[in-house]
Amino acid sequence: MSLSSKDLTLGYGDYIVLKDINVTIPKNKITILVGSNGCGKSTLLKTMARLLKPMSGKVFLGNVNIFEKSSKEIAKELAILTQSPTAPSDLTVFNLIKQGRYPYQSWFSQWSKEDEKIVNYALEKTGLTHIQHKKISDLSGGQKQRVWIAMTLAQQTDTILLDEPTNHLDIKYKIEVLDLLRSLNQYEQRTIVIVLHDINLACRYADHIIAIKDGKVYGEGEPKEIITEGLIKDVFGINSKIIECPLFKTPMCITYQNLDMISC
Ligand SMILES: Nc1ncnc2c1ncn2[C@@H]1O[C@H](COP(=O)(O)OP(=O)(O)OP(=O)(O)O)[C@@H](O)[C@H]1O
Ligand SMILES: [Mg+2]
């Protein structure tokens with residue numbers, strides 16, 4: 001089922017962050033949201049996952065307005081990793097990931113062998129099996145981030161939304177997490193939406209980029225189509241030179257304030 005928004009206006013109190021947003025997230029693809037700090041990426045992502053109510057407009061999953069369904073019903077279709085998740089620190093890795101199975105639990109269907117299998121799959125996919133009994137409070141920032149990703153995996157949804165999932169990760173794990181998301185997309189046909197600040201990684205991993213600026217969608221499309229020096233200047237307010245990445249052939253952006261600073 002594809003996720004889309006219709007005339008979505010979002011904000012807090014009477015402060016409008018985004019106005020009349022109409023986006024369709026391409027199914028079975030990786031979409032990456034980019035834009036400067038405070039432009040509304042997290043606000044949009046949370047609303048698309050039913051965590052925030054819009055001021056006006058709708059979010060559709062297939063033909064269904066997600067605000068007309070229960071959060072548990074939507075949680076079987078769509079998982080979200082928010083920007084700064086928090087968990088009780090005495091919880092173990094296994095027990096936090098286990099919470100991803102919550103939408104499937106009820107008084108007549110308790111914890112099953114299948115749930116156990118899925119949590120083990122999530123542990124394995126994120127390389128956490130060996131520390132599954134550790135407490136969350138005893139983990140590094142990057143390990144914690146992988147536990148949250150594992151929890152969204154355990155939810156076994158077709159669509160996964162992740163707000164800056166590579167936060168706190170070193171260069172190796174950053175690539176591992178993005179490769180993991182790509183493999184979920186390619187081999188399990190999951191639709192993935194990621195908020196990412198690194199424009200070069202966005203170009204490498206995205207099928208579709210949505211750039212946000214001044215409360216609106218500034219542009220969207222394939223990285224090669226839309227990532228230009230003009231977009232980087234308008235959206236981020238910085239000069240750049242776009243070249244082709246020698247390895248992946250995707251756009252690669254070299255940013256600078258002032259070339260006069262360089263002595264060469
Ligand atoms: N709970 C809130 N109450 C009031 N204003 C908020 C709240 N959350 C966010 N905002 C404001 O809404 C705007 C958009 O915030 P949002 O978190 O969506 O930005 P963002 O694009 O995700 O930024 P970043 O890249 O820094 O994560 C900002 O001006 C922010 O100050
Ligand atoms: Mg944010």
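Calculation criteria
Residues numbered from 1 in each chain as written. Chains lettered and ligands numbered in written order. Predicted model: local features only at pLDDT ≥ 70, side-chain atom pairs only at ≥ 80, totals over all residues. Heavy atoms only, no water. UniProt positions renumbered as here; feature names shortened; annotations may be inferred. Pairing = 2+ DSSP bridges. Helix = DSSP H or I, 4+ residues; strand = E, 2+ residues; numbered from the N terminus. Donors = N, O, S within 2.8 Å, 3.2 Å for Na, K, Ca; no water. Core = buried A, V, L, I, M, F, W, Y, C linked by side-chain atoms within 4.5 Å. Buried < 20%, exposed > 50% of the residue type's maximum accessible area, 1.4 Å probe, protein only. Contact = heavy atoms within 4.5 Å. Phe/Tyr/Trp six-rings, centres within 6.5 Å; stacked < 30°, edge-to-face > 60°. Lys NZ or Arg CZ within 6 Å of the ring centre and 35° of its normal. Arc of directions from axis to C-beta. Expected span 1.5 Å × (residues − 1). Near = heavy atom within 4 Å. Polar contact = N/O pair within 3.5 Å; in protein donor to acceptor, adjacent residues only side chain to side chain. Areas by Shrake-Rupley, 256 points an atom, 1.4 Å probe, with all protein chains shown as cover. Salt bridge = Lys/Arg side-chain N within 4 Å of Asp/Glu carboxyl O.

- An unreviewed UniProt entry lists the chain under the name Iron complex transport system ATP-binding protein, from Anaerosolibacter carboniphilus.
- Of the comments in the UniProt record for the chain, the one headed Subcellular location (unreviewed entry) reads "Cell membrane".

### Some points on the pairing of strand β12 (residues 239-244)
Part 1 of the reasoning: Relative to strand β13 (residues 251-256), β12 runs antiparallel, the two being bridged by six bridges. Counterpart to Lys241 in the pairing with β13 is Ile254.

### Topic: the coordination of the magnesium ion (ligand 2)
Octahedral metals with six donors have ideal donor angles of 90 or 180 degrees. Tetrahedral metals with four donors have an ideal donor angle of 109.5 degrees.
Part 1 of the reasoning: Those protein atoms acting as donors to the magnesium ion (ligand 2) are Ser42 (OG) and Gln83 (OE1), and they sit at 2.0 to 2.1 Å. Of this pair, Ser42 sits in helix α1 (residues 41-48) while Gln83 sits in the loop between β7 (78-81) and α3 (93-98), placing them 41 residues apart in sequence.

### Side note on the nonpolar core
Part 1 of the reasoning: Ile32, Ile97 and Ile194 are the most contacted members of the largest nonpolar core, which has 49 residues in total.
Part 2 of the reasoning: Top contributing element to this core by residue count: helix α5 (residues 141-154), with seven residues.
Part 3 of the reasoning: When neighbours within four sequence positions are excluded, Ile32 is seen to be in contact with Ile194, Leu196, Ala202, Tyr205, Ala206, His208, Ile209 and Ile210.
Part 4 of the reasoning: Listed in part, the 25 residues of the second largest apolar core include Leu18, Ile25, Phe67 and Val195.

### Digging into the packing of aromatic side chains
Part 1 of the reasoning: According to the stated counting rule, one finds zero aromatic pairs in the structure shown.
Part 2 of the reasoning: Positioned above the aromatic ring of Tyr173, the side-chain terminus of Arg146 is 3.9 Å from the ring centre.

### Observations concerning helix α9 (residues 229-236)
Part 1 of the reasoning: Listed in full, the buried residues belonging to α9 are Leu231, Ile232 and Val235. Viewed end-on, α9 has its buried residues packed into an arc of 100°, placing them on one side of the element.
Part 2 of the reasoning: Positive backbone phi, at 70°, marks Gly237, one or two positions downstream of α9.

### Focus on α5
Part 1 of the reasoning: A rise of 1.5 Å per residue sets the reference length of α5, with its 14 residues, at 20 Å; its end C-alpha atoms lie 20 Å apart and thus fit the reference within 8%.
Part 2 of the reasoning: When we look at burial in α5, the residues that qualify are Gly142, Gln145, Arg146, Val147, Trp148, Ile149, Ala150, Met151, Thr152, Leu153 and Ala154.
Part 3 of the reasoning: Along its buried surface, α5 packs onto β7, α3, α4 (113-125), β8 (159-163) and α6 (171-188).
Part 4 of the reasoning: At the C-terminal side of α5, Gln156 shows a positive phi close to 50°.

### Brief notes about the site of ligand 1
Part 1 of the reasoning: In the vicinity of ligand 1 there are 14 residues, among which Gly38, Lys41, Ser42, Thr43 and Gln83 approach most closely.
Part 2 of the reasoning: Within the side chain of Tyr12, one N or O atom sits 3.4 Å away from a nitrogen atom of ligand 1.
Part 3 of the reasoning: Here an oxygen atom of ligand 1 sits 3.0 Å away from a polar atom, N or O, in the side chain of Asn37.
Part 4 of the reasoning: Protein chains bury 62% of the 630 Å² of accessible surface belonging to ligand 1 in isolation.
Part 5 of the reasoning: For the shell around ligand 1, the elements supplying multiple residues, two or more each, are β2 (15-21) and α1.

### Section: the UniProt feature "domain: ABC transporter" (unreviewed entry) in the chain
Part 1 of the reasoning: The feature "domain: ABC transporter" (unreviewed entry), as annotated in UniProt, sits at residues 3-239 in this numbering.
Part 2 of the reasoning: In residues 3-239, helix accounts for 35% and strand for 25%; the two terminal C-alpha atoms are 34 Å from one another.

### Digging into the pattern of salt bridges
Two side chains of opposite charge can pair, provided their charged atoms sit close to one another.
Part 1 of the reasoning: One pass over the structure, following the stated rule, counts seven salt bridges.
Part 2 of the reasoning: Its salt-bridge partner being Glu73, residue Lys69 comes within 3.8 Å of it at the nearest N-O pair.
Part 3 of the reasoning: Owing to a relative accessible area of 39%, Glu73 belongs among the partly exposed residues under this scheme.
Part 4 of the reasoning: The residue Asp115 makes a salt bridge to Arg101 at a minimum N-O spacing of 2.8 Å. A residue pair is termed long-range when its members are at least 10 positions apart, and Asp115 in helix α4 and Arg101 in the loop between α3 and α4 qualify at 14 residues. Like Asp115, the residue Arg101 is buried in the burial classification.

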